Amino acid sequence: MRVLVLGSLRSGGLNEALAATVEREAAGMADVVRFAGLERLPLYTTDLDAEGVHDQVDRLRREVRAADAVAIVTPEHNAMPSAAVKNALDLASRPLGDAPLAGKPVAVMSASPTPGGGRRAIAALLAGLGSARAVPVEATVSVPAAHERRDGEGGYDAAVGAD
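Cut-offs and rules
Residues numbered from 1 in each chain as written. Predicted model: local features only at pLDDT ≥ 70, side-chain atom pairs only at ≥ 80, totals over all residues. Heavy atoms only, no water. Helix = DSSP H or I, 4+ residues; strand = E, 2+ residues; numbered from the N terminus. Rg over C-alpha atoms; globule rule 2.2 N^0.38 Å. Buried < 20%, exposed > 50% of the residue type's maximum accessible area, 1.4 Å probe, protein only. Contact = heavy atoms within 4.5 Å. Pairing = 2+ DSSP bridges. Axes fitted to C-alpha atoms, helices over the stretch in contact; angles between N-to-C directions. Parallel < 35°, antiparallel > 145°, perpendicular 65-115°, else oblique. Nonpolar A, V, L, I, M, F, W, Y, C, P; charged D, E, K, R; others polar. pLDDT = per-residue confidence, 0-100. Core = buried A, V, L, I, M, F, W, Y, C linked by side-chain atoms within 4.5 Å.

So, about the overall build of the protein. A count of helical and extended segments in the protein gives 4 helices and 8 strands. In terms of C-alpha radius of gyration, the protein reaches 15 Å, essentially the compact-globule figure of 15 Å for 163 residues. Structurally, the protein occupies a C-alpha span of about 45 × 35 × 30 Å along its principal axes. The buried share of the protein, reckoned over its 163 residues, is 47%.

Attention now moves to helix 3 (residues 83–92). With 7 of its 10 residues buried, helix 3 lies for the most part within the structure. Buried within helix 3 are the following residues: Ala84, Val85, Asn87, Ala88, Leu89, Leu91 and Ala92. Residues of helix 3 that are buried sit in contact with helix 2 (55–66), strand 3 (69–73), strand 5 (80–81) and helix 4 (119–131).

Attention now goes to the pairing of strand 3. Burial of strand 3 is extensive: 5 of the 5 residues sit out of reach of the surface. Across the two faces of strand 3 the burial is the same, with Ala69, Ala71 and Val73 and Val70 and Ile72 all buried. Sheet topology note: the strand 3/strand 6 (residues 105–111) ladder contains 4 bridges and is parallel. Looking at the pairing, Ile72 lines up with Val108 of strand 6.

In this section: the environment of Gly7. The residue Gly7 is located in the loop between strand 1 (2–6) and helix 1 (14–26) in this model. For the pair formed by Gly7 and Val108, sequence separation is 101 residues and the distance between their alpha carbons is 9.9 Å. If we ignore the near neighbours within four places in the chain, the residues touching Gly7 are Leu38, Val73 and Val85.

Among the 7 residues in strand 6, 6 count as buried, and that is most of the element. Where strand 6 meets strand 7 (residues 135–136), 2 bridges bridge the pair, whose relative direction is parallel. Looking across to strand 7, one finds that Pro105 is bridged to Val135. Note that strand 6 and strand 8 (residues 141–143) share 3 bridges and pair parallel. From the neighbouring strand, Ala111 faces strand 8, where its bridge partner is Val143.

The next subject is the packing of helix 2 against helix 3. Orientation of helix 2 relative to helix 3, taken along the N-to-C sense of each, is 75°, at an axis distance of 10 Å. By the angle between their directions, the pair helix 2 and helix 3 is classed as roughly perpendicular. Touching Val57, Leu60, Arg61 and Val64 of helix 2 are Ala88, Leu91 and Ala92, all from helix 3. For the contact of helix 2 with helix 3, the class distribution of residues is 6 nonpolar, no polar and 1 charged.

The next thing to look at is the confidence of the model for the protein. The predicted model of the protein has a mean per-residue pLDDT of 89, with 96% of residues at 70 or higher. Within the protein, strand 7 carries the highest mean pLDDT (96), whereas strand 1 carries the lowest (82).

A word on the nonpolar core. Residues Leu4, Leu6, Leu41, Leu60, Ile72, Leu101 and Leu129 are the most contacted members of the largest nonpolar core, which totals 27 residues. With 6 residues, helix 3 is the single largest residue contributor to this core. Apart from the residues within four sequence positions on either side, Leu129 is in contact with Ile72, Leu89, Leu101, Val106, Val108, Ala134 and Pro136. Val3, Leu18, Val141 and Ala146 belong to the second largest nonpolar core, which has 19 residues in total.

Right, dumping it as structure tokens:
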């Protein structure tokens, strides 16, 4: 099984640690590939729906299409997923009728220093994934007080799990 991880831009951040935990925990069970380059994706417009318009957009769509599942790891910004993650969702849900994300299982997770653990960003993403015709995985991962739960391996302790 090939799982593509989309996520945070901030190196060393709370959600970078969550993505590293996903990679570590899935090792041996799945081929986990992290998409590098969210920061280089242009903002979505319908001008980008055609193949060959932008190399990074084509690469994102190819990688989503090649994956058996997608894991989205997002910080929570103003009760929403990050703009970079939302933009990647928009790009991968197009073009209509041939969207790489359509029918694809997608797991959603977030780590936050707040007691809510990014749950508002997760809820917003789940709604958007449904509109994008993806198949959101029912169990989500929320890591509240994430700054206090880091392990010594660049990830999180074993108590982090699905909601």
